[in-house]
Amino acid sequence: MLIKNGWVLTNRVEKKDVAIEGNTITELGKSLSGSEYIDASNHLVMPGLVNTHTHLAMTLLRGYADDVPLHEWLTEYIWPREMKLTPEDCYYGNLLGIVEMIRSGTTCFHDMYFHPDQAVKAVRDSGMRAVISCSLAEFGNRAHALDVLKTGLQFMKTIQNEPRIDTSFGPHSPLTCSPEYLLTVQDHARKLNKIVHIHLHEAADWIEKFSKSHGQTPIECLESSGFLGENVCAAHVVHATDKELDILKTHGVKVLHCPSSNLKLANGIAPVAKMIKKGVCVALGTDGAASNNTLDLFAEMRLMALLQKLHDPSAMTSGTAVKIATENGGSALKWNAGRIEKGFLADIILVDLKKACMTPGHDVLSNVVYAANSSAVDTVIIDGRIVMENGVLKTLHEDEIIEKAQEHAYDLVNR
Ligand SMILES: [Zn+2]
């Protein structure tokens with residue numbers, strides 16, 4: 001397949017053709033020939049966006065409990081509903097999220113939620129790419145947590161060598177998992193060459209509570225236990241001292257930044273520009289739709305860049321913002337994706353340059369970060385397959401999914 005006559009985003013934006021064979025980008029150049037092609041005239045051809053931290057089926061709880069403090073939000077609204085989630089709820093919640101993500105140019109996501117087998121099913125059915133975590137938490141019951149880990153290992157075995165799907169370990173956080181348990185999980189992850197997906201330094205009072213009982217902050221504690229490493233994907237890291245950022249850099253930890261969720265739950269603004277300056281790999285995520293409330297990474301990218309400019313307009317350039325949302329996401333999730341380059345996976349989106357929000361085109365990258373919204377995403381290719389063409393989803397029945405998800409969401413909150 002060829003993508004012809006588009007403005008291709010590599011290290012710069014240039015008019016080129018892109019050749020795809022199977023699921024891989026095989027060539028970039030001028031006037032490439034081939035019989036099967038997409039005409040990308042007047043379109044920006046860019047890497048698909050990578051959502052590195054979400055709880056996808058939480059789409060069912062979108063808008064269910066907003067504007068309340070974090071503790072009340074969790075204990076009175078979210079957790080009681082989550083106890084009643086069925087596998088079918090999660091399947092439709094996942095599909096609803098995937099529809100929204102494809103429409104907003106996301107081609108890969110990293111999930112941590114209940115019934116991960118249902119996320120796998122939704123990914124298979126939609127043609128999406130994903131890393132699905134098996135959720136783990138200890139809550140003081142080591143024996144039970146080790147059983148759950150065993151189940152997680154079996155789950156991982158069942159989906160080895162699946163196209164477009166990888167698995168990761170998802171121990172919830174240092175607050176719900178002891179350092180010893182986290183180390184056991186990390187040992188398995190290292191042996192199996194898997195990612196460990198964890199919430200880290202999200203809320204200031206949680207860090208304080210942990211520090212009081214352990215005599216160290218979570219980041220310091222995880223360093224001294226030997227848990228940190230380049231396979232650790234740490235969601236949030238809103239609060240971190242210079243010393244803690246140096247620790248993350250030294251161990252190659254990836255930070256999964258979720259600015260909307262951090263603001264909505266009043267956790268603060270992560271020092272992303274400082275992280276980048278220190279050489280920490282930062283990628284972008286939406287968190288669950290109950291704490292965002294969209295899964296639109298264009299919105300997230302814009303918010304991220306603006307927040308870093310609070311005191312310095314040059315603190316984050318549009319180029320850096322796009323890199324965080326694409327290439328860094330691919331690296332964090334260990335997929336060879338996030339760049340339009342020979343040998344990379346063909347996860348590509350076409351953005352319509354004739355849309356009002358993309359006009360005029362003085363600086364296309366600047367438009368992508370500060371002006372674009374999901375309505376400009378025209379065509380989406382994942383793993384070399386077209387999943388949306390000219391705004392029409394090719395692999396999913398959108399109306400039916402929205403209807404089913406609505407039914408499940410209403411039923412869940414009234415159950
Ligand atoms: Zn989260």
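Residues numbered from 1 in each chain as written. Predicted model: local features only at pLDDT ≥ 70, side-chain atom pairs only at ≥ 80, totals over all residues.

Draft legend 1. Focus on unusual backbone geometry. Cis peptide bonds are those with omega within 30 degrees of zero, and the linkage from N292 to N293 qualifies with 10°. Residue placement: N293 occurs in the loop between β13 (281-284) and α11 (297-308). The linkage connecting T359 with the following residue, P360, adopts the cis geometry, with an omega of -5°. The residue P360 is located in the loop between β14 (348-352) and α14 (364-370) in this model. One non-glycine residue with positive phi stands out, namely A266, at about 55°. Among the structural elements, A266 can be located in the loop between α9 (259-264) and α10 (272-278). Residue classification places A266 among the exposed positions, given that 10 C-beta atoms sit within 10 Å. Here the phi dihedral of K334 falls at roughly 60°; this positive angle occurs in a residue that is not glycine. (Helix = DSSP H or I, 4+ residues; strand = E, 2+ residues; numbered from the N terminus. Buried ≥ 20, exposed ≤ 12 C-beta atoms within 10 Å, placed from the backbone.)

Draft legend 2. Quick look at the nonpolar core. V45, A234 and V351 are the most contacted members of the largest nonpolar core, which totals 122 residues. Broken down by element, the residue count for this core peaks at 9 residues, all from helix α2 (residues 87-103). Those residues in contact with V351 that lie beyond four places of it in its chain are H43, L44, M46, M358, V368, A372, A376, V377 and D378. (Core = buried A, V, L, I, M, F, W, Y, C linked by C-beta atoms within 7 Å. Contact = placed C-beta atoms within 7 Å.)

Draft legend 3. Molecular detail of the packing of α2 against helix α3 (residues 116-126). It is the contact of α2 with α3, at a shortest axis distance of 8 Å, that shows an interaxial angle of 40°. The angle between the axes of α2 and α3 places the two elements in the oblique class. When the axes of α2 and α3 are compared, the crossing they make is right-handed. Here P87, C90, Y91, N94, L95 and I98 of α2 come into contact with α3, specifically with Q118, A119, K121, A122 and S126. (Axes fitted to C-alpha atoms, helices over the stretch in contact; angles between N-to-C directions. Parallel < 35°, antiparallel > 145°, perpendicular 65-115°, else oblique. Left-handed = near helix turned anticlockwise from the far one by under 90°.)

Draft legend 4. Quick peek at the pairing of strand β8 (residues 129-136). Among the 8 residues of β8, 7 are classified as buried, and the element is accordingly described as predominantly covered. The pairing of strand β7 (residues 106-113) with β8 spans 6 bridges and is classified as parallel. Bridge pairing links C108 to R129 in β8. Chirality of the crossover, the property in question, places the unit of β7, α3 and β8 among those that are right-handed. Both β8 and strand β9 (residues 165-171) contribute to a ladder of 7 bridges, which runs parallel. Counted as the bridge partner of I132 is T167 from β9. (Pairing = 2+ DSSP bridges. Right-handed = clockwise from strand over helix to strand, strands pointing away.)

Draft legend 5. Geometry of the domain arrangement of the protein chain. As far as domains go, the protein chain holds domain 1 (2-47 + 344-398) and domain 2 (49-332). Put simply, the middle of domain 1 and the middle of domain 2, counted by C-alpha atoms, are 28 Å apart. Each partner contributes residues to the interface: domain 1 has 22 residues there, and domain 2 has 25 residues. If you list the elements that add at least two residues to the side of domain 1 that touches domain 2, you get α14, β15 (377-382) and β16 (385-389). With 5 residues, the single largest contributor to the side of domain 1 that touches domain 2 is α14. (Domains from an automatic or database assignment.)

Draft legend 6. Representation of the pairing of β9 in the model. Across the 7 residues of β9, 6 count as buried, placing the element largely inside the fold. For the handedness criterion, the β-α-β arrangement of β8, helix α4 (residues 142-158) and β9 is classed as right-handed.

Draft legend 7. Looking closely at the environment of K15. By the element assignment, K15 lies in strand β2 (residues 13-21). Among the residues examined, K15 registers 12 C-beta atoms within 10 Å and is labelled exposed. In this structure, the C-alpha to C-alpha distance between K15 and H43, residues 28 residues apart in sequence, is 9.9 Å.

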